[in-house]
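Chain residues, written in single-letter form:
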Amino acid sequence: MTTDITIIGAGLGGLTLARVLHLHGIASTVYEAEASPAARAQGGLLDIHDDNGQLAVRAAGLTEEFEALVLQGRQALRILDRDGSVLLDKADDGTGGRPEVQRAELRRMLLDSLPAGTVRWGRKAAGVRALGAGRHEVAFADGTTAATGLLVGADGAWSRVRPLLSAATPRYTGTSSVETYLFDADTRHLAAAKAVGGGSMMAPSPGAEIFAHRESGDTLHTYVLLTRTRDWFAAVDFTDPAAARARIAAQFDGWAPELTALITEGDTAPLLRPHYTLPIGHRWDRVAGVTLLGDAAHLTAPNGEGANLAMLDGAELGQALAAHPGDTEAALAAYERAMFPRGAEAASEGAHMHELLNRDDTPRALIAAFLDAGPAS
């Protein structure tokens, strides 16, 4: 098969690119390893920022659809001490500029905006190779191939496309998160629900943090962040949910029970998510016919910017291609000139947030950071 624009990865960045291209009358094909849009859970809430993610939504012509997805009141933020005392209680007054939406609904919005057949499901990229003259071939796990004049790696941290441009590989940040959900929290988990409040809640300490979101209805999504080695997490038996919950909760011995309940009362099996990052300032020399966006280009420690930057990358790449008809290389050069410093800034912010979580004055430092910039998701 031969296509002019091939996008690897149907995440938010890749889909935003396909949507912006479609608005400009440019066809593309998106290949995604997942078997279908419903093949796996898509994660929790995302705060979509007015200075990047919302710009991408506007470029995609989906502002009205996006606004219909916003969960009102979820920009509220509470910061609690480990004993449960409230250090900061910031209400959602509608001026935060970072409305919260469910990631799955945002992805569905983008999928629904594309022509039928744009996304090819169940097509996992196994490798890529240069064909010469700026063309590339993608080999898929099912034995098929696709040749293309423009290849875009929107395929995340472990991108199969990145080696065409860079030898950089993700490194472990030293911190991982463990996720769990509490359902029907306002009736079944009253103390935890009260602690979280109506939006987001953080209970930070050096090397250990409990972070929770109130998602749709009365569902609480908890992220437990621990600064531990990969070997430490490897020794936790996540195949035994009860044992894993107990092992993680033990790291918060002496904390308020309404906080540790977010771990011990979890209604889902704990899910481990190690955090990785690419080098700050990761970039590459221009290679004809290929580029990257999102985590494939500038993976960083979680700081609330990842989805926003991926969408902005996709939007700006699409706009650059539309602005340079017949000159793909000029479009890619223009896109990368803007994307590289943006990715470096986000990586620096991610590293700074990682440092804040391991300082003796973590609560005070985070309060100052969030009062200045607003909560990250």
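Here is what the cut-offs are and how they apply
- Residues numbered from 1 in each chain as written.
- Predicted model: local features only at pLDDT ≥ 70, side-chain atom pairs only at ≥ 80, totals over all residues.
- Heavy atoms only, no water.
- Pairing = 2+ DSSP bridges.
- Helix = DSSP H or I, 4+ residues; strand = E, 2+ residues; numbered from the N terminus.
- Axes fitted to C-alpha atoms, helices over the stretch in contact; angles between N-to-C directions.
- Contact = heavy atoms within 4.5 Å.
- Phe/Tyr/Trp six-rings, centres within 6.5 Å; stacked < 30°, edge-to-face > 60°.
- Buried < 20%, exposed > 50% of the residue type's maximum accessible area, 1.4 Å probe, protein only.
- Lys NZ or Arg CZ within 6 Å of the ring centre and 35° of its normal.
- Parallel < 35°, antiparallel > 145°, perpendicular 65-115°, else oblique.
- Left-handed = near helix turned anticlockwise from the far one by under 90°.
- Nonpolar A, V, L, I, M, F, W, Y, C, P; charged D, E, K, R; others polar.

Peer 1: So what's going on with the sheet that holds strand 14 (residues 220-227)? Residues and values would help.
Peer 2: Strand order in the open sheet formed by 7 strands is 5-4-12-13-14-11-15, with mixed pairing between adjacent strands. Only two strands of the sheet have a single neighbouring strand rather than two, namely strand 5 (86-90) and strand 15 (271-277). Averaged over all neighbouring strand pairs, the angle between strand axes comes to 20°, with direction disregarded. The pairing of strand 12 (residues 200-205) with strand 13 (residues 208-214) spans 6 bridges and is classified as antiparallel. When the sheet's bridge partners are listed, methionine 201 is paired in strand 13 with alanine 212. Together, strand 4 (77-80), strand 11 (171-182), strand 12, strand 13 and strand 14 form the strand contacts of helix 9 (residues 257-264), whose direction differs from that of strand 13 by roughly 80°.

Peer 1: Give me the lowdown on the pairing of strand 5, citing residues and values where you can.
Peer 2: Two faces, one strand: in a regular strand the side chains alternate between the faces of the sheet. In the sheet, strand 4 pairs with strand 5 via 4 bridges, with the strands oriented antiparallel. The residue bridging arginine 78 from the neighbouring strand is aspartate 89, located in strand 5.

Peer 1: Residues and numbers for the packing of aromatic side chains, please.
Peer 2: Enumeration over the complete set of coordinates arrives at 8 aromatic pairs. For the pair tryptophan 232 and phenylalanine 233, a centre-to-centre distance of 5.0 Å together with 85° between the ring planes defines the contact as edge-to-face. Assessed through its relative accessible area of 4%, phenylalanine 233 is described here as buried. Between tryptophan 284 and phenylalanine 340, the ring centres sit 4.8 Å apart and the planes meet at 85°, which makes this aromatic pair edge-to-face. Here the residue tryptophan 284 occupies a position in the loop between strand 15 and strand 16 (290-292), and phenylalanine 340 occupies one in helix 12 (residues 328-356), the gap between them amounting to 56 residues. This pair shows no difference in class: tryptophan 284 is buried, exactly as phenylalanine 340 is. Ring pairs connect the aromatic residues Trp158, Tyr172 and Tyr276, which therefore count as one cluster. Across from the ring centre of phenylalanine 140, 4.7 Å away, lies the NZ or CZ of arginine 123, which sits over that ring. Between arginine 228 and the ring centre of tryptophan 232, over which it is positioned, the NZ or CZ distance is 5.5 Å.

Peer 1: Summarise the packing of helix 1 (residues 12-23) against helix 11 (residues 306-323); cite the residues concerned and give the values.
Peer 2: Where helix 1 contacts helix 11, the axes come no closer than 7 Å and their chain directions differ by 25°. If you check the angle between helix 1 and helix 11, you find them roughly parallel. The way helix 1 lies across helix 11 gives a crossing that is right-handed. Residues Leu12, Gly13, Thr16, Leu17, Val20 and Leu21 of helix 1 lie in contact with helix 11, whose contacting residues are Ala307, Ala310, Met311, Gly314, Ala315, Leu317, Gly318, Gln319 and Leu321. Each residue belonging to the contact of helix 1 with helix 11 can be placed in one class, and the counts come to 10 nonpolar, 5 polar and no charged.

Peer 1: Account for unusual backbone geometry, with residues named and values stated.
Peer 2: For alanine 133, which is not glycine, the phi dihedral falls at a positive 60°. Position of alanine 133 relative to the elements: it lies in the loop between strand 8 (125-132) and strand 9 (135-140). Under the relative-accessibility criterion, alanine 133 is labelled exposed at 85%. Positive phi, normally seen in glycine, also occurs at aspartate 184, with a value near 50°. Looking at the secondary structure, you find aspartate 184 in the loop between strand 11 and helix 5 (185-188). Classification of aspartate 184 by relative accessible area gives partly exposed; the value is 39%.

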